[in-house]
Amino acid sequence: MRRRYTVASAMVGALALIALAGCTTDPNVAAPSEDAGATEEAVEWFDQELYDKQYAERSVVPEGPEGQPWLQYINAEMTDTSAYASTGAKKACFANASISNPWRTTGWITMNQQLKVLQDAGVISEMETRDAQDSDDTQIADIDYFIEEGGCDIFLISPNSTAAMTPAVERACDTGKPVVVFDRGVQTDCPVTFVHPIGGFAWGIDTAEFLIEELEPGSKVVALRVLPGVDVLEQRWAAAEKLFGENDIEAVDYFTGADPAEIKKIISDELAKGDVDGIWMDAGDGAVAAIEAFEDAGVDYPVMTGEDEMSFLRKWKETGLTGLAPVYSNFQWRTPLLAAQKIFAGEEIPKEWVLPQSPITAEEVDQYLEANEGMPDGHYAKFGGEDLPGYPQVWQDRIIP
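Source: prediction; values computed, not measured. Along each chain, numbering runs from 1 in the same order as the chain's sequence is written. The predicted origin of the model limits local features to residues at a pLDDT of at least 70 and limits the giving and counting of side-chain atom pairs to 80 or more, whereas totals for whole chains, interfaces and linings rest on all residues. Side-chain figures throughout are based on the complete set of non-hydrogen atoms in the structure, without hydrogens or water.

Caption draft 1: Structural view of the overall build of the chain. Regarding its fold elements, the chain presents 13 helices and 13 strands. Every one of the 401 residues in the chain was classed for burial, and the buried ones make up 58%. Should any heavy atoms of two residues lie within 4.5 Å, those residues are considered in contact. Partitioning the intrachain contacts of the chain with sequence separation of at least 6 by distance along the chain shows that 74% fall at a separation of at least 24. Here the Shrake-Rupley method, with its probe set to 1.4 Å, supplies the accessible areas, and only the displayed protein chains count as covering residues. Carbon and sulfur atoms form 47% of the exposed surface of the chain, whose accessible area is close to 15,500 Å². Going along the chain from the N terminus, every DSSP run of H or I of four or more residues is numbered as a helix, and every run of E of two or more is numbered as a strand. Burial classification: accessible surface area is computed with a 1.4 Å probe over protein chains only, and a residue below 20% of its type maximum counts as buried, one above 50% as exposed, and the rest as partly exposed.

Caption draft 2: Quick look at the sheet that holds strand E8 (residues 250-255). Strand order in this open sheet of five strands is E8-E7-E9-E10-E11, and the pairing throughout is parallel. Two strands lie at the open edges of the sheet, namely E8 and strand E11 (323-324), each paired on one side alone. A pair of strands is considered paired only if DSSP assigns at least 2 bridges between the two. Alignment of strand E10 (residues 303-305) against E11, held across two bridges, turns out to be parallel. Within E11, the position partnered with methionine 304 by the bridge is glycine 323.

Caption draft 3: Up close: the pairing of strand E6 (residues 193-197). A large share of E6 lies buried, amounting to four of its five residues. Alignment of strand E5 (residues 179-182) against E6, held across three bridges, turns out to be parallel. Counterpart to valine 180 in the pairing with E6 is threonine 193.

Caption draft 4: Expanded view of the environment of glycine 185. By secondary structure assignment, the location of glycine 185 is in the loop between E5 and E6. For the pair formed by glycine 185 and isoleucine 157, sequence separation is 28 residues and the distance between their alpha carbons is 9.6 Å. Those residues within four positions of glycine 185 in sequence are excluded, and the remaining contacts are Pro159, Ser161, Thr162, Phe194 and Asp231.

Caption draft 5: Molecular detail of the environment of valine 186. One can find valine 186 in the loop between E5 and E6. On the basis of relative accessible area, valine 186 is assigned to the buried category, the value being 16%. Taking the C-alpha atoms as reference points, valine 186 and alanine 164, 22 residues apart in sequence, are found 8.3 Å from one another. Beyond its immediate sequence surroundings of up to four residues, valine 186 is in contact with Pro159, Thr162, Met165, Thr166, Val169 and Val181.

Caption draft 6: The packing of helix H9 (residues 287-297) against helix H10 (residues 310-319), seen in detail. As a rule, the C-alpha atoms of each element are fitted with a line to give its axis, helices using only the stretch in contact, and angles between N-to-C directions run from 0 to 180 degrees. Remark: H9 packs on H10, axes separated minimally by 8 Å, with the N-to-C direction vectors making an angle of 30°. If you check the angle between H9 and H10, you find them roughly parallel. Residues Ala287, Val288, Ile291, Glu292 and Glu295 of H9 form the contact with H10, whose participating residues are Ser311, Phe312, Lys315 and Thr319. Asp, Glu, Lys and Arg are counted as charged, while Ala, Val, Leu, Ile, Met, Phe, Trp, Tyr, Cys and Pro are counted as nonpolar; the rest, among them Gly, fall into the polar class. Classifying every residue of the contact of H9 with H10 gives four nonpolar, two polar and three charged. Each angle gets one of four labels, with under 35 degrees taken as roughly parallel, over 145 as roughly antiparallel, 65 to 115 as roughly perpendicular, and the rest as oblique.

Caption draft 7: Representation of the sheet that holds E5 in the model. Pairing within the open sheet is parallel, and its six strands lie in the order E3-E2-E4-E5-E6-E13. Two strands lie at the open edges of the sheet, namely strand E3 (124-131) and strand E13 (352-355), each paired on one side alone. For this sheet the average axis-to-axis angle between neighbouring strands, irrespective of direction, equals 15°. Here E6 runs beside E13; their pairing, made up of four bridges, is parallel. Across the sheet, the residue bridging to proline 197 is leucine 355, located in E13. Of the strands in this sheet, strand E4 (154-158) and E5 are in contact with helix H5 (residues 162-174), which crosses E5 at around 150°.

Caption draft 8: Structural view of unusual backbone geometry. Cis peptide bonds are those with omega within 30 degrees of zero, and the linkage from tyrosine 391 to proline 392 qualifies with 0°. Positionally, proline 392 belongs in the loop between helix H12 (365-371) and helix H13 (393-397). You will see that glutamine 133, though not glycine, has its phi angle at about 50°, which is positive. Assignment of secondary structure puts glutamine 133 in the loop between E3 and helix H4 (136-149). Unusually for a residue other than glycine, arginine 398 sits at a positive phi of about 55°. Of note, arginine 398 is situated in the segment after H13.

Caption draft 9: Region of interest: the nonpolar core. Judged by nonpolar contacts, the single largest core of 61 residues is most densely connected at Met111, Met127, Leu156, Phe244 and Trp280. An automatic or database domain assignment supplies the residue ranges for each domain. When residues of this core are assigned to domains, at least three map to each of domain 1 (75-199 + 329-355) and domain 2 (200-324). Contact partners of leucine 156, with chain neighbours within four places excluded, come to Ala92, Cys93, Phe94, Ala95, Met111, Met127, Val180, Pro336 and Leu337. Note on terminology: a nonpolar core comprises buried Ala, Val, Leu, Ile, Met, Phe, Trp, Tyr and Cys residues joined through side-chain atoms within 4.5 Å. Of all hydrophobic cores here, the second largest spans 30 residues; its members include Ile263, Ile291, Met310 and Leu321.

Caption draft 10: Examining the packing of aromatic side chains more closely. Aromatic pairs are defined between Phe, Tyr and Trp rings, using the six-membered ring for Trp, whenever the two ring centres lie within 6.5 Å; interplanar angles under 30 degrees are classed as stacked, those over 60 as edge-to-face, and all others as tilted. With the rule as written, the count across this model stands at 19 aromatic pairs. Seen from their ring centres, phenylalanine 94 and tryptophan 333 are 6.3 Å apart, and the 85° between their planes marks the pair as edge-to-face. With a gap of 239 residues between them, phenylalanine 94 in strand E2 (residues 90-96) and tryptophan 333 in the loop between E11 and helix H11 (335-344) connect regions that are remote in the sequence. The ring of tryptophan 203 has arginine 236 sitting right over it, with the charged end atom 3.8 Å from the ring centre. Positioned above the aromatic ring of tyrosine 328 is the side chain of arginine 236, whose terminal nitrogen or guanidinium carbon lies 4.8 Å from the ring centre. Counting as a charge over the ring demands two things of the Lys NZ or Arg CZ atom: a distance within 6 Å of the ring centre and an angle within 35 degrees of the ring normal.

Caption draft 11: Here's a closer look at the state of the cysteines. When the sulfur atoms of two cysteines come within 2.5 Å, that pair is taken as a disulfide. As enumerated under the stated definition, the model contains two disulfides in all. Between cysteine 93 and cysteine 152 runs a disulfide, and the two sulfur atoms are separated by 2.0 Å. Note on the cysteine 93 and cysteine 152 pair: the S-S dihedral is about -95°, so by sign convention the disulfide is left-handed. Linking cysteine 93 in strand E2 with cysteine 152 in the loop between H4 and E4, this pair joins segments that are 59 residues apart in sequence. Judged by relative accessible area, cysteine 152 falls into the buried class, the value being 3%. The residue that forms a disulfide with cysteine 173 is cysteine 190, at a sulfur-sulfur distance of 2.2 Å. Measuring the twist about the S-S bond at about 75°, one finds the cysteine 173-cysteine 190 disulfide to be right-handed. Here cysteine 173, found in helix H5, pairs with cysteine 190, found in the loop between E5 and E6; they are 17 residues apart in sequence, far enough to count as distant.

Next comes the structure, spelled out in structure tokens:
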């Protein structure tokens, strides 16, 4: 069966993040030819060397303290931080992309509980935070404010998007103060460390290989994507699309803005055209809405990949569908502050701090449901904050500092 491709509009690279409302792709617009080998976004974002690196890292046993994955690392090249060694409590300045989705909210809560530990230990005096609310322009202004007026001892940055944020990160580096980037990347190696799980290609490989194994050649998969222009999200799809194309899986992709109503409409429209055998997602937001669209249509559940968000895990268990919950390790929100502690102690840390990242399989669902009993649907099962103050109440109440 010939594969169909969709071409996203207002895409990638140096472009700033576009409004979510304008992100849905047109499924009727094809790429120039089958020989082109990829959609517009995959051509821009696919990197064979990085794909191969992350493919291999999935099977590497991480180094670091047992039972503390937020301090573990994979294939690390260590960097000397002795130039930053100093005593006394330090002020951290955190430029955050947003807390506009459940994954980021869960991480933000965990980060603040880790902050309390370091404040009590006299490592961090305060963490001034600015929330860019998913705006490149706002985050650029936030970083420039911190540089000029913040009185910061260290900059912590979770970029809103990749290319647009690079010059601002470089300006922070130029101050001579340490810079820690985490979650999403930028196009410079000037930060002291870049903290992230294995990455988007690993997610795409895990999820695509699962669907390929469970589905017959010629099966149709609908890919639900959140938004364009963010490296980890683009890489997830670039990897999955490559593998689908190599294994005779027909894949159509849409940007959804993680809007449940939009997700239901997309799935309903695709079911009206014919069978949908699989659902692939680059983030778990709206996974339940996708499942409900199949229920509304009265058809069999698809083979599906979601995320380790509790709403998906519970719906997975309830329906008995064939599923996989990929993980973009939420516990990474602890690591930048712990990196700051090590930097001011002059300890070596990984230049690229690659954290472990492994999906939740069908055999593990019950384990994670039990461990997170009482947590809200927007909580993430592998959040890694069980040893922090306020557990479990703070996460149950979703108390946002």
